[in-house]
Amino acid sequence: MSLPNFSPSRALTFGVELELQIVNTFDYDLTPGAPDLLRVLEQRGVVGDIKPEMTSSMIEIATGVCERVDQAIDELTDLRDSLVDAARTLDLGIAGGGTHAYQQWREQQITDAQRYQQLSSIYGYLAKQFTIFGQHVHIGAPSADVALYLMHGLSRYVPHFIALSASSPFVQGADTGFASARLNSVFAFPLSGRAPFVERWPDFSTYFDKMTATGVVASMKDFYWDIRPKPEYGTVEVRVMDTPLGILHSAHIAAYIQAVARWLLIERPFELEEDDYLVYTFNRFQACRFGFEGEIVHPRTHERYSIAEDIVATLDIIEQHAMELGSDKALGELRKRVLNRQSDASWLRDCFAETRLMPDMVRHQVNHWMQ
Amino acid sequence: MAFSFLTPADYALSAPLILVVGVTLALAVGEVFGRVLHLPRITGYTIGGAVAGAMSDTWVSSSQLPVIQGIINLALMVLLFELGSRVNLQWFRHNRPLLVSCIAECALSFLACAALAGFLGFQLAQALMIGALAVGTSPAVVMRMLGETAARGQVTQRLLAHTAFNSVVCFVLVKLFASFSPGADSWFSALGNTLILLVGALFSGAILALCFIYLRRFINLADEHGTALLFAILMLAFFALEFFHIPPLLPPLLAGIAVRNLDPRPLVLPRHLGSLGGTLVILLFCLQGLTIEWQHIYAGGLAALALVLVRAAAKGSVLWVFAPRSGLSRRQALAIGGCLTPFATSSLVLTGVLHQAGSEVVAVVFPIVLSAVLICELICPLAMQWSLRFCSETNE
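Position numbers for residues count from 1 along each chain, tracking the sequence in the order it is written. By the order in which they are written, chains take letters starting at A while ligands take numbers starting at 1. This being a predicted model, a pLDDT of at least 70 is required before a residue's local features are given, and a value of 80 or more before pairs of side-chain atoms are given or counted; all residues contribute to the totals for chains, interfaces and linings.

**Focus: the overall build of chain A**
Item 1. Looking only at helices and strands, chain A features 15 helices and 13 strands.
Item 2. Here chain A has a C-alpha radius of gyration of 20 Å; the compact-globule value for 371 residues is 21 Å, and the two agree.
Item 3. With respect to the principal axes defined by its C-alpha atoms, chain A has extents near 55 × 50 × 35 Å.
Item 4. Remark: C-beta atoms are placed from the backbone, and a residue is labelled buried if 20 or more other C-beta atoms sit within 10 Å of its own, exposed if 12 or fewer do, or partly exposed between those counts. By residue count, 51% of the 371 residues in chain A fall in the buried class.
Item 5. This entry defines residue contacts through backbone-placed C-beta atoms, with two residues in contact when those atoms are within 7 Å. Intrachain contacts of chain A at a sequence separation of at least 6 include 78% that bridge at least 24 residues. Strands here mean DSSP runs of E at least two residues long; helices mean DSSP runs of H or I at least four residues long; both are numbered from the N terminus. Both definitions apply: the radius of gyration is a C-alpha atom measure, and the globule rule equals 2.2 Å times residues to the power 0.38.

**Focus: the overall build of chain B**
Item 1. For chain B, the helix and strand inventory stands at 17 helices and 0 strands.
Item 2. Relative to its 396 residues, chain B shows a buried fraction of 52%.
Item 3. Put simply, 82% of the contacts in chain B that link residues at least 6 apart link residues at least 24 apart.

**A few points about the nonpolar core**
Item 1. A set of buried Ala, Val, Leu, Ile, Met, Phe, Trp, Tyr and Cys residues, joined to one another through C-beta atoms within 7 Å, is what we call a nonpolar core. Of all hydrophobic cores here, the largest spans 117 residues; its most connected members are Ala75(B), Ile130(B), Ala132(B) and Leu284(B).
Item 2. The element best represented in this core is helix α8 (residues 154–179) of chain B, accounting for 14 residues.
Item 3. Ignoring anything within four residues of it in the chain, the contact list for Ala75(B) reads Leu280(B), Val281(B), Leu283(B) and Leu284(B).
Item 4. Ile139(A), Leu154(A), Phe170(A) and Met361(A) belong to the second largest nonpolar core, which has 106 residues in total.

**Some remarks on the pairing of strand β3 (residues 58–62) of chain A**
Residues and elements named next belong to chain A.
Item 1. Whether two strands pair comes down to DSSP finding at least two bridges between them. The pairing of strand β1 (residues 14–24) with β3 spans 5 bridges and is antiparallel. Bridge assignment links Glu19 to a residue of β3, and that residue is Glu60.
Item 2. Relative to β3, strand β2 (residues 49–52) runs antiparallel, the two sharing 4 bridges. Bridge assignment links Lys51 to a residue of β3, and that residue is Glu60.
Item 3. Linking β2 back to β3 in an antiparallel pair, the connection comprises 5 residues.

**Some details on the interface of chain B and chain A**
Interfaces are often described in size by the accessible area the parts lose on coming together.
Item 1. The interface of chain B with chain A comprises 18 residues on the first partner and 22 residues on the second.
Item 2. Breaking the side of chain B that touches chain A down by element, the ones donating at least two residues are α4 (89–94) and α8 of chain B.
Item 3. Amino acids are sorted into nonpolar (Ala, Val, Leu, Ile, Met, Phe, Trp, Tyr, Cys and Pro), charged (Asp, Glu, Lys and Arg) and polar (every other residue, Gly among them). Its residues assigned to classes, the side of chain B that touches chain A shows 5 nonpolar, 10 polar and 3 charged.

**Some points on unusual backbone geometry**
Item 1. The phi angle at Gln172(A) is positive, at roughly 50°, despite the residue not being glycine.
Item 2. For Gln172(A), the position within the fold is in the loop between β6 (170–171) and β7 (174–175).
Item 3. For Gln172(A), a count of 14 C-beta atoms within 10 Å gives the class partly exposed.
Item 4. The residue Ala150(B) is not glycine, and still its phi comes out positive at about 50°.
Item 5. Tracing the chain through its elements places Ala150(B) in the loop between α7 (139–149) and α8.
Item 6. For Ala150(B), a count of 14 C-beta atoms within 10 Å translates into the label partly exposed.

**A word on the confidence of the model for chain B**
Item 1. When the pLDDT values of chain B are averaged, the result is 82; 82% of them are 70 or greater.
Item 2. What pLDDT expresses is the predictor's confidence in each residue, scored from 0 to 100. This stretch, residues 1–6 of chain B, has a pLDDT under 50; its non-local contacts, to residues over four places away or in other chains, come to 8 contacts.

**Quick word on the packing of helix α5 (residues 96–119) of chain B against helix α6 (residues 124–135) of chain B**
Residue and element names in this part refer to chain B.
Item 1. Structural elements are reduced to axes, namely lines fitted to C-alpha atoms, with helices fitted over the stretch in contact, and the angle between N-to-C directions of any two is expressed from 0 to 180 degrees. At a minimum axis distance of 7 Å, the contact between α5 and α6 shows a crossing angle of 145°. Helix-helix and strand crossings are classified by hand; for α5 and α6 the assignment is right-handed. On α6, the residues touching Cys106, Ser109, Phe110, Leu111, Cys113, Ala114, Ala117 and Gly118 of α5 are Gln126, Ala127, Leu128, Ile130, Gly131, Ala132, Ala134 and Val135.
Item 2. Per-class residue counts for the contact of α5 with α6 are 12 nonpolar, 4 polar and no charged. By the definition used in this description, the sense in which the near helix is turned from the far one sets the handedness, with an anticlockwise turn below a right angle giving left-handed and a clockwise turn giving right-handed.

**Here we look at helix α6 (residues 158–165) of chain A**
Item 1. Burial analysis of α6(A) places 8 of its 8 residues in the buried class, which makes it a mostly covered element.
Item 2. Every buried residue belonging to α6(A) is among Val158(A), Pro159(A), His160(A), Phe161(A), Ile162(A), Ala163(A), Leu164(A) and Ser165(A), and all of these are buried.

**What about the packing of helix α14 (residues 344–355) of chain A against helix α15 (residues 358–370) of chain A?**
Residues and elements named next belong to chain A.
Item 1. Here α14 crosses α15 at 130°, and the two axes come no closer than 8 Å. Between α14 and α15, the crossing angle belongs to the class labelled oblique. Here α14 runs over α15; the crossing is right-handed. Contact with α14, carried on its side by Leu348, Cys351, Phe352 and Thr355, involves Met358, Asp360, Met361 and His364 of α15 and no other residues of that element.
Item 2. A class-by-class count of the residues in the contact of α14 with α15 yields 5 nonpolar, 2 polar and 1 charged. What sets the label is the angle itself: under 35 degrees gives roughly parallel, over 145 gives roughly antiparallel, 65 to 115 gives roughly perpendicular, and the rest give oblique.

**Brief notes about the environment of Ile162(A)**
All names here are of chain A.
Item 1. Here Ile162 lies in helix α6.
Item 2. On the basis of neighbour count, Ile162 is assigned to the buried category, with 28 C-beta atoms found within 10 Å.
Item 3. Through-space distance from the C-alpha of Ile162 to that of Met241 is 5.2 Å; in sequence the pair is 79 residues apart.
Item 4. With residues up to four places along the chain from it excluded, the contact list for Ile162 reads Ser180, Val240, Met241, Arg284, Ala287 and Cys288.

**Things to note about helix α8 (residues 201–214) of chain A**
Item 1. What a helix is expected to span follows from its residue count: subtract one and scale by 1.5 Å. Between its first and last C-alpha atoms α8(A) spans 20 Å; for 14 residues at 1.5 Å apiece the expected length is 20 Å, and the two agree.
Item 2. Looking at the residues trailing α8(A), positive phi occurs at Gly215(A), about 85°.

**Concerning the environment of Tyr207(A)**
All names here are of chain A.
Item 1. Within the secondary structure layout, Tyr207 lies in helix α8.
Item 2. Along the chain, Tyr207 and Phe187 lie 20 residues apart, while their C-alpha atoms are 21 Å from each other.
Item 3. Once residues lying within four places of it in the same chain are set aside, the contact partners of Tyr207 are Pro196 and Val198.

**What to know about the environment of Val279(A)**
Residues and elements named next belong to chain A.
Item 1. Here Val279 shows up in the loop between α9 (247–267) and α10 (280–290).
Item 2. For Val279, a count of 18 C-beta atoms within 10 Å puts it in the partly exposed group.
Item 3. Contacts of Val279, omitting those with residues within four sequence positions, involve Val297 and Pro299.

In structure tokens:
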């Protein structure tokens, strides 16, 4: 299969995808409710992008193409309300969060669809371990080369996106010590990490052809990169975020990415260099492990500073762009969270410390998302 | 006759040993069913127990009956509390068609089975009792099968809701119609008796629930120390209920429902309250097999088979009709219909509720009902296993 043509889209439009947890309301463990939810939504004629994911305890909702954060919030609210209504009919709970705190991966069921069954046969137990929940944000690009520029330019801010969304401190019943442990499951996939440093679409196409010739990949979906181009949509897709605990925060993070992208495209503040990636995995690890408290290294100056400081500094730089996009209020909310070091991961830890019962923590998680 | 070499003098000493041999036989058959045939173990326990029971009438001596009764009652209390703790009353508020389907399932199985009994020549009071007994699904079979198959999903949740609902209705109706028999002083006193039972069950269930809720604040009921305490409380409750002559069926079920719905914190307990509870539940099925009285079974005959089929059709058709409105697929409705087939009657018989009623009606309906119960004990776990697999609710 060859690389699809890049379908240009309107610059800086965006879309949000959220992978969500489906739990029972008894012990709040994951339950294979996706087929039931989808059937009820179909019976009710709910219009919206809601689809199954790798395992049947997961469900994905996605907005359409949005220009402003308010639009994304409205669409996410409508999707949430429909999903919540269907979930209540079925006595199910829906929760945000990058991981389910105590689900057992071996109990998960692979979704009955050809692609997922195929992935399961290729990746074995990794497919079931992929019962993790991420937020993906698509940013529209007017051309393929602009998409590649955005892909590499946004890579520098991957630690920000991870720290802002981190909501997966618990895995298999234990506190991992990480703010975002979800990405550790993604790293197990052979084609995860960062995209190769190519700046022109023909070069990217050549790379893709070489990879397909090896038989290792068949389509762009086989690359589990942190950020990847999506030629069919004419976007770059940022995939490093955990699903936040509430839809409002999800929309705010999308607005932050949109504003950073606008700043990058309009001001072109730095030239891209492959050496920028020398510190990429270190910085990403710091964000996953310590969240806002992580310490990142600047790829050019080699200075070290906390991720929280860097986010606040970036918020200052992109303020004007946020105002142009109508997202200054949303970014103001993010600033408050960063200054107060309020992350979803710390919310979960506080909740667990208070309840001392993981199912009760997940119950609060469900109430938070469904309210 | 097996063990005929024992003299009467030996028998007095050997009675517990004989019982243990019978139970061991039942357990062995259960294991063969589970491991070799990949069929439900509880069918094996019942068949093993029934065959052992048929080989000798000395398995269970009259002196052991109170002990066996105690074990069975305690096991059922564990299962009923567990069942109740899985029922979310808010669900009925959010899904009205589910509530209607629960009511309709009870009503139609009652009416259809009572009508069939009338057609078969039973008198009105007897037909009503048969209808009442046909309403309930066996909580013991349902809970054990769900545990054995580690089932989870929509069919499982609905099955639990329907079973809890129809068990409550069944227990109340049976008490009501048993009291309406000619032996009762008047219709008024019969209603009064039922009402007293209901109030007593509600009151004792509420006390039990409050104990649990209070204890949960201080003790982790999921670990073995907490579970042991839970058991102790259930045993205390059992003796208290016996003292006040309240059958130990409704109170633990209502207590479970109350705990689930009054305390928002998830109640995470080991299955059947841990290994002790699990052992009791397994013993329940073995002893159930051992205590089967075959003369009742022969007397029931084809009428019992008709009763089983009509009841299954009644429950299944209601689920089928309400499936789309309540958010189920037709496939799932069929599966739940299959899972609802085990009679709750065995619980009532084993806990002595029917005997306590002392009704002539009960004596007349025993053969057909017990025959139907045995058919269900053998077939229904298989139907449940198939139904749960049919809807991919087991992790196999």
